[in-house]
Amino acid sequence: MQQNYFESMDTFMKVQCYGKNSKKANDVAQNYIKKIESIFSVTNENSEIYKVNNATSFPIKISTETSDLIKFSLEMAEKTSGAFNPCLYPVTSLWGFTKKNYKVPSAQEIQNALLLTDYHKVRLEKNEITLEKGMMLDLGGIAKGYAANEAAKILESFGIKSALLDLGGNIQTIGKKADGSSWHIGIRNPFGDGVFAFLEVSKSIAVVTSAGYERFFEDENGKKYIHIFDAKTGMPVDNEVVSATAVAKNGTYCDALSTSLFVMGIEKATEFWRKYKDFDFIIVTKNKKVYVTSGIKTMFNKINENWTVYYL
Ligand code: AMP
Ligand code: MG
């Protein structure tokens with residue numbers, strides 16, 4: 001077994017893999033994740049996204065990886081009717097989430113920033129992108145899932161049949177545990193320490209959680225502002241959801257979904273799930289209700305007995 005711990009994308013990561021080639025595979029996967037970080041960071045001046053966001057003339061050349069991820073992000077924006085929006089940098093930076101210089105902006109500042117977030121205006125060719133003046137990308141809602149998904153592919157290319165990737169709560173598995181038993185993937189308690197449930201998984205799958213507890217700030221009155229935004233209002237989401245977990249084979253899809261489901265709220269998220277049924281979710285609301293979709297019912301195990309679980 002080879003276990004690598006490292007810091008990347010502003011979070012702690014752990015990749016555990018088993019079998020022949022584990023060390024080599026794990027090192028290559030780790031380097032790949034660091035490379036992804038250096039491409040997609042909005043603050044690193046050498047990153048591709050930074051260059052796109054600060055370009056003075058367009059079109060600008062981008063790598064195939066970046067192009068593919070932006071393309072997928074735009075498709076997710078379309079599919080979720082803008083709940084997922086990869087063009088929110090003007091809003092997330094205005095609130096100080098990109099550089100940790102948090103502040104509550106004025107209504108006028110928010111309106112001005114919102115004008116720059118229309119994802120329909122992104123022009124993407126194979127290896128070239130054009131943004132309108134002032135528009136800027138923020139792929140923070142999808143980059144970790146993408147990194148996990150691609151890193152898992154790398155491990156598989158080395159013949160790895162059993163692995164667990166945990167990129168700051170973005171979980172991706174390959175196969176079963178080395179001893180043939182299933183993985184127990186904890187779902188963090190959004191109200192405190194530890195986990196409130198776990199998924200028993202014995203196949204390659206991604207489990208990605210979006211939650212307010214991950215990153216937030218409070219104003220002088222103690223009001224909390226989280227890092228997930230409603231792209232329609234330019235405000236941090238403040239609905240009934242406290243955590244949204246998406247489960248599916250594709251980790252990139254799950255990451256975009258977890259953010260989207262959080263923004264949608266339980267009703268719209270349920271509607272969306274009924275329409276597509278190509279993923280599952282666990283949504284926890286502020287009043288400690290837990291909603292679990294049918295595809296993962298048999299994998300879902302509750303630890304905290306006080307909460308009511310609704311199976312959809
Ligand atoms: P996640 O933890 O995957 O939900 O991603 C949250 C991050 O995605 C934030 O820190 C922002 O960088 C970015 N983000 C915030 N709101 C949205 C949104 N509505 N759509 C897409 N990305 C977002
Ligand atoms: Mg996400």
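Residues numbered from 1 in each chain as written. Chains lettered and ligands numbered in written order. Predicted model: local features only at pLDDT ≥ 70, side-chain atom pairs only at ≥ 80, totals over all residues. Heavy atoms only, no water.

Q: Would you mind going over the site of ligand 1 with me for this structure?
A: Close to ligand 1 lie 15 residues, the nearest being Asp138, Ser210, Phe229, Asp255 and Thr259. Interatomic distance of 2.9 Å between a side-chain N/O atom of aspartate 255 and an oxygen atom of ligand 1. Protein burial of ligand 1: of its 500 Å² of free accessible surface, 93% is covered by the chains. Taken atom by atom, the bulk of ligand 1 overlaps the largest pocket. In terms of residue count, the dominant contributor to the shell around ligand 1 is helix 7 (residues 251-276) (3 residues). (Near = heavy atom within 4 Å. Polar contact = N/O pair within 3.5 Å; in protein donor to acceptor, adjacent residues only side chain to side chain. Areas by Shrake-Rupley, 256 points an atom, 1.4 Å probe, with all protein chains shown as cover. 1 Å grid on protein atoms, 1.4 Å probe; cavity = no way out; pocket = protein on both sides within 12 Å on 5 of 7 lines; lining within 4 Å. Sits in = over half its atoms within 2 Å of the grid points. Helix = DSSP H or I, 4+ residues; strand = E, 2+ residues; numbered from the N terminus.)

Q: What's the story with the nonpolar core in this structure? I'm lost.
A: In globular proteins that are soluble, nonpolar side chains generally tend to be buried together. In this structure, Phe40, Ile129, Leu155, Leu261, Phe279 and Phe281 are the most contacted members of the largest nonpolar core, which totals 73 residues. Apart from the residues lying within four places of it in its own chain, the contact partners of phenylalanine 279 are Val247, Ala248, Tyr253, Leu257, Leu261, Phe272 and Trp273. Counting residues in each nonpolar core, the second largest holds 22 residues, with Ile185, Ile205, Val207 and Met299 among its members. (Core = buried A, V, L, I, M, F, W, Y, C linked by side-chain atoms within 4.5 Å. Buried < 20%, exposed > 50% of the residue type's maximum accessible area, 1.4 Å probe, protein only. Contact = heavy atoms within 4.5 Å.)

Q: What's the story with the packing of aromatic side chains in this structure? I'm lost.
A: The description of two aromatic rings rests on the distance between their centres and on the angle between their planes. On inspection of all chains with the given rule, the structure shows 18 aromatic pairs. Ring centres of phenylalanine 272 and phenylalanine 279 lie 5.8 Å apart, and the angle between their planes is 45°; on these two criteria the pair is classed as tilted. Grouping residues by exposure puts phenylalanine 272 and phenylalanine 279 together as buried. Measuring from ring centre to ring centre gives 6.4 Å for phenylalanine 300 and tyrosine 311, while their planes differ by 80°; the resulting arrangement is edge-to-face. Residue phenylalanine 300 is located in strand 18 (residues 300-302), and its partner tyrosine 311 is located in strand 19 (residues 308-311); the two are separated by 11 residues in the primary sequence. In this structure tyrosine 311 comes out as partly exposed when scored by relative accessible area, which is 39%. (Phe/Tyr/Trp six-rings, centres within 6.5 Å; stacked < 30°, edge-to-face > 60°.)

Q: What should I look at first to understand helix 6 (residues 143-157) in this one?
A: Given 3.6 residues per turn, any residue in an α-helix points the same way as the ones three and four places further on. The end-to-end C-alpha separation of helix 6 is 21 Å, in line with the 21 Å expected for 15 residues at 1.5 Å each. With respect to burial, helix 6 is a largely interior element, 12 of its 15 residues being buried. Those residues of helix 6 that sit buried are Ala143, Lys144, Gly145, Tyr146, Ala147, Ala148, Asn149, Glu150, Ala151, Ala152, Ile154 and Leu155. In the segment just after helix 6, glycine 159 is the residue with positive phi, at about 85°. (Expected span 1.5 Å × (residues − 1).)

Q: Please explain the pairing of strand 16 (residues 280-285) as it appears in this structure.
A: Remember that side chains alternate between the two faces of the sheet whenever the strand is regular. Across the 6 residues that make up strand 16, a large majority, 6, are buried. In strand 16, alternate side chains face the same way, and those of Asp280, Ile282 and Val284 on one face and Phe281, Ile283 and Thr285 on the other are all buried. Bridging between strand 15 (residues 241-248) and strand 16 involves 6 bridges; their strand directions are antiparallel. In the strand pairing of strand 16, serine 243 is matched with valine 284. Bridge analysis of strand 16 against strand 17 (residues 289-292) gives 3 bridges, and the strand direction is antiparallel. Counterpart to isoleucine 283 in the pairing with strand 17 is tyrosine 291. Between strand 16 and strand 17, which pair antiparallel and follow one another directly, the connecting turn spans 3 residues, one of which, lysine 288, has a positive phi of 65°. (Pairing = 2+ DSSP bridges.)

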